[in-house]
Amino acid sequence: MGAGRIIHVVAAVIRNNDGEILTTLRHDHLHQGGLWEFPGGKLEGDESRLNGLKRELSEELAIEVQAATPLIQVPHHYEDRSVLLDIWEVTQFSGDPQGAEGQQLRWSKIDALTAKEFPAADRPVLTALQLPDRYLITGKAEGRDDFLQKLERVLEQGIQLVQFRAPELEQEPYLELARAVIEKAHGYNARVLLNGDPAWVSQVGADGIHLNGHRLKELSGRPFEENLLVSASLHNADEIQRAADIGVDFAVLSAVLPTKTHPDREPLGWDYFAELVAAAPYPVYALGGVDQKHIQQARERGGHGVAAIRAFWN
């Protein structure tokens with residue numbers, strides 16, 4: 001683990017009219033030199049995160065930021081230093097980005113951004129850029145046809161990430177329905193993670209696995225290579241660290257607010273949610289008592305978006 005104080009770095013995701021994202025090449029003499037990064041730099045003194053971002057982008061790119069929203073914070077420990085990478089999405093700016101400090105610029109589509117060309121701290125950012133701000137967890141239905149009709153309804157509403165959860169089903173019925181879920185979701189360019197045994201993923205052509213608390217505790221390492229997604233259910237600081245050790249791509253943290261299904265459970269609340277998320281080096285969705293109107297609240301507290309069963313499924 002890197003020694004000394006944590007260096008707070010603010011950086012930006014900036015898109016052009018074609019949806020391409022701007023990256024800059026670090027000068028060779030700098031830490032992590034020769035790698036691509038999202039433009040930005042260190043906070044100075046007691047300046048706010050947003051003011052620091054505006055100053056850095058004015059100095060580096062000769063643009064003036066007019067609107068930006070938080071995307072993700074990534075704590076990362078290199079051998080020689082520790083950083084907190086604080087990424088914002090710039091939604092409005094004036095000026096034409098240029099390498100005002102002599103750095104090379106590149107505009108790229110999201111799927112063309114190669115993790116090998118970035119510092120390790122930037123890799124969760126690449127994941128976050130490919131994740132939607134809503135994560136559907138499937139609920140109950142009146143049989144197979146009703147289940148698939150409910151699924152199609154939410155896919156038509158723009159859901160792009162689905163956790164197929166059906167704990168009441170035995171293995172074979174689960175896998176049979178999973179195949180139908182995946183076929184339907186892929187028709188809408190949505191991805192499906194199984195809430196089940198990781199060995200089932202290859203059997204049905206799923207896009208990854210969601211680990212419940214029991215499976216997260218059992219695993220000694222990441223169950224798949226990077227071409228498949230791994231997410232996990234988290235409730236406390238120990239599980240956040242466990243998920244980081246496993247190498248999950250993202251997680252859900254619950255329960256943020258009171259829920260109808262567990263009315264006696266003490267919710268985390270938004271402040272503690274933010275504290276826990278700050279220690280997670282991967283995107284985290286808020287789960288429990290939340291719906292689409294809470295997306296901005298989750299983002300402002302370091303989360304990626306919201307996950308839900310009832311709010312989306314019904």
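Refer to the structure printed above.
I will try to describe carefully the structure that is included in this document. (Residues numbered from 1 in each chain as written. Predicted model: local features only at pLDDT ≥ 70, side-chain atom pairs only at ≥ 80, totals over all residues. Heavy atoms only, no water.)

1. Overview of the nonpolar core
Turning to step 1, where the next piece is worked out: Counting residues in each nonpolar core, the largest one holds 57 residues, and the members touching the most others are Leu151, Phe164, Leu194, Leu234 and Tyr282.
Turning to step 2, where the next piece is worked out: The element best represented in this core is helix 4 (residues 171–186), accounting for eight residues.
Turning to step 3, where the next piece is worked out: Not counting residues up to four positions away in its chain, the partners in contact with Phe164 are Thr138, Phe147, Tyr174, Leu177, Ala178, Val181, Val192, Leu193, Leu194 and Asn195.
Turning to step 4, where the next piece is worked out: In this structure, Ala11, Phe38, Leu71 and Val74 belong to the second largest nonpolar core, which totals 21 residues. (Core = buried A, V, L, I, M, F, W, Y, C linked by side-chain atoms within 4.5 Å. Buried < 20%, exposed > 50% of the residue type's maximum accessible area, 1.4 Å probe, protein only. Helix = DSSP H or I, 4+ residues; strand = E, 2+ residues; numbered from the N terminus. Contact = heavy atoms within 4.5 Å.)

2. What about the pattern of salt bridges?
Turning to step 1, where the next piece is worked out: Scanning the entire structure with this criterion turns up 14 salt bridges.
Turning to step 2, where the next piece is worked out: Close ionic contact of Arg55 with Glu56 constitutes a salt bridge, the shortest N to O distance being 3.1 Å. The pair Arg55 / Glu56 is uniform in exposure class, with both members buried.
Turning to step 3, where the next piece is worked out: Across the pair Glu152 and Lys184 runs a salt bridge whose closest N-O atoms are separated by 3.4 Å. Note that Glu152 is positioned in helix 3 (residues 144–156) and Lys184 in helix 4, a separation of 32 residues in sequence.
Turning to step 4, where the next piece is worked out: Taking the relative accessible area as the measure of exposure, Glu152 reaches 27% and is therefore partly exposed.
Turning to step 5, where the next piece is worked out: Its relative accessible area of 22% is what places Lys184 among the partly exposed residues.
Turning to step 6, where the next piece is worked out: Each of Glu44, Glu47, Arg55, Glu56 and Glu59 takes part in a single network of salt bridges with overlapping partners. (Salt bridge = Lys/Arg side-chain N within 4 Å of Asp/Glu carboxyl O.)

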